[in-house]
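# Topology and contacts: notes
One letter stands for each residue in the lines below.
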Amino acid sequence: MLALSAEGILPKIDYAIFADTGWEPRSVYEHLDRLEREIAKPADIPILRVSSGNIRDDALNPDHRFASMPLYILNKDGRPGMTRRQCTGEYKVKPIKKKIRDLLGHPYPARVPKGVFVEQWIGISTDEFHRAKDADVKYMRNRHPLIDMGWSRSDCVRYLTSLDLADTPKSSCLGCPFHGNAQWRTIRDNSPAEWEDVVEFDAAVRKGNARANATGNRLLGEAFLHRSRVPLDQAPIDHVTAAEWAALQQELTDEDELEQGVVDGCSPWACRGDAEAVQQDDFGLTA
């Protein structure tokens, strides 16, 4: 959407906002720098980077309140469970809303006057039209330009390729539990330092986040980043799922890929882990 606006295909936007969890892959930060340098600045579109802190550091800090990640749980009785997903709201949505209020001139806790609002563009394509929702506050009105244009994910990829941006990385935390095996393999095989980082984090949260442990709310079970509920460096990430094979053979449509979890990523208003969270909700969690 930033490139479409910069080219004049879409109206010029006032700002682009990136919510930084502090734990994105290096490739994402490098790509953001390139977008700012080659697309945003020439079009005089500021990219604003907002943050609620570093999600990795916060999870391991006993003195810091932590909005939980959706960790996979193995309870003492052997039953699987999952911790609540609060990270998207805390580290993505919250800092964006704060910045929007600041831009409107009515920072919290001031009340935003009636009729004062921003039009917020969200990059959901036709493949995920079911994720397109209205804003939950009156000072934001959501619009989905890609859907308005009838663009699918494939259309977006073709457009990015035409701009020499075909290697656009997916934005998500390095240690997001919603990564599929392909994403875990990409980190392990292409970025040894980042792989070591997530393996260390996986071990560090085995008994839950540090704040909960410090306040006596210990997890009565074990937590893991991988859905197999074994340590990440032992998890079966080399297993190529049927969905992955089908995608490689181009036997799946883009929509099927999305539904079966081939596409990883984290958008403030379209976390692709929602389906996984609903599925895991059927299991009890002992805390």
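Structure's up top.
Not measured: the values here are computed from a predicted model.

It is worth spelling out the overall build of the protein chain at this point. Helices and strands together make up the secondary structure of the protein chain, namely 12 helices and seven strands. Burial statistics for the protein chain: of 287 residues in total, 45% are counted as buried. Residue pairs at least 24 apart in sequence account for 65% of intrachain contacts in the protein chain once pairs closer than 6 positions are excluded. Looking at the protein chain as shown, the accessible area adds up to about 15,300 Å², and 50% of this sits on carbon and sulfur atoms.

For the rest of this paragraph, the subject is the nonpolar core. Trp-23, Ile-55, Met-69, Trp-184 and Trp-195 are the most contacted members of the largest nonpolar core, which has 30 residues in total. For this core, the elements supplying multiple residues, two or more each, are helix H3 (55-59), strand E3 (72-75), helix H4 (87-104), helix H7 (181-190) and helix H8 (192-204). Sort the elements by how many residues they give to this core and H8 lands first, with four residues. In this structure Trp-195 touches Trp-184, Ile-187, Arg-188, Leu-232, Asp-233 and Ile-237, once residues within four positions along its chain are discounted. Ala-3, Leu-4, Ile-47 and Leu-146 belong to the second-largest nonpolar core, a separate cluster that totals 21 residues.

For the pair H7 and H8, the least separation of the axes is 5 Å and the interaxial angle reads 125 degrees. Here H7 lies oblique to H8, going by the angle between them. Touching Trp-184, Ile-187, Arg-188 and Asn-190 of H7 are Pro-192, Glu-194, Trp-195 and Val-198, all from H8. Classifying every residue of the contact of H7 with H8 by side-chain character gives five nonpolar, one polar and two charged.

Parameters at a glance
Residues numbered from 1 in each chain as written. Predicted model: local features only at pLDDT ≥ 70, side-chain atom pairs only at ≥ 80, totals over all residues. Heavy atoms only, no water. Helix = DSSP H or I, 4+ residues; strand = E, 2+ residues; numbered from the N terminus. Buried < 20%, exposed > 50% of the residue type's maximum accessible area, 1.4 Å probe, protein only. Contact = heavy atoms within 4.5 Å. Areas by Shrake-Rupley, 256 points an atom, 1.4 Å probe, with all protein chains shown as cover. Core = buried A, V, L, I, M, F, W, Y, C linked by side-chain atoms within 4.5 Å. Axes fitted to C-alpha atoms, helices over the stretch in contact; angles between N-to-C directions. Parallel < 35°, antiparallel > 145°, perpendicular 65-115°, else oblique. Nonpolar A, V, L, I, M, F, W, Y, C, P; charged D, E, K, R; others polar.

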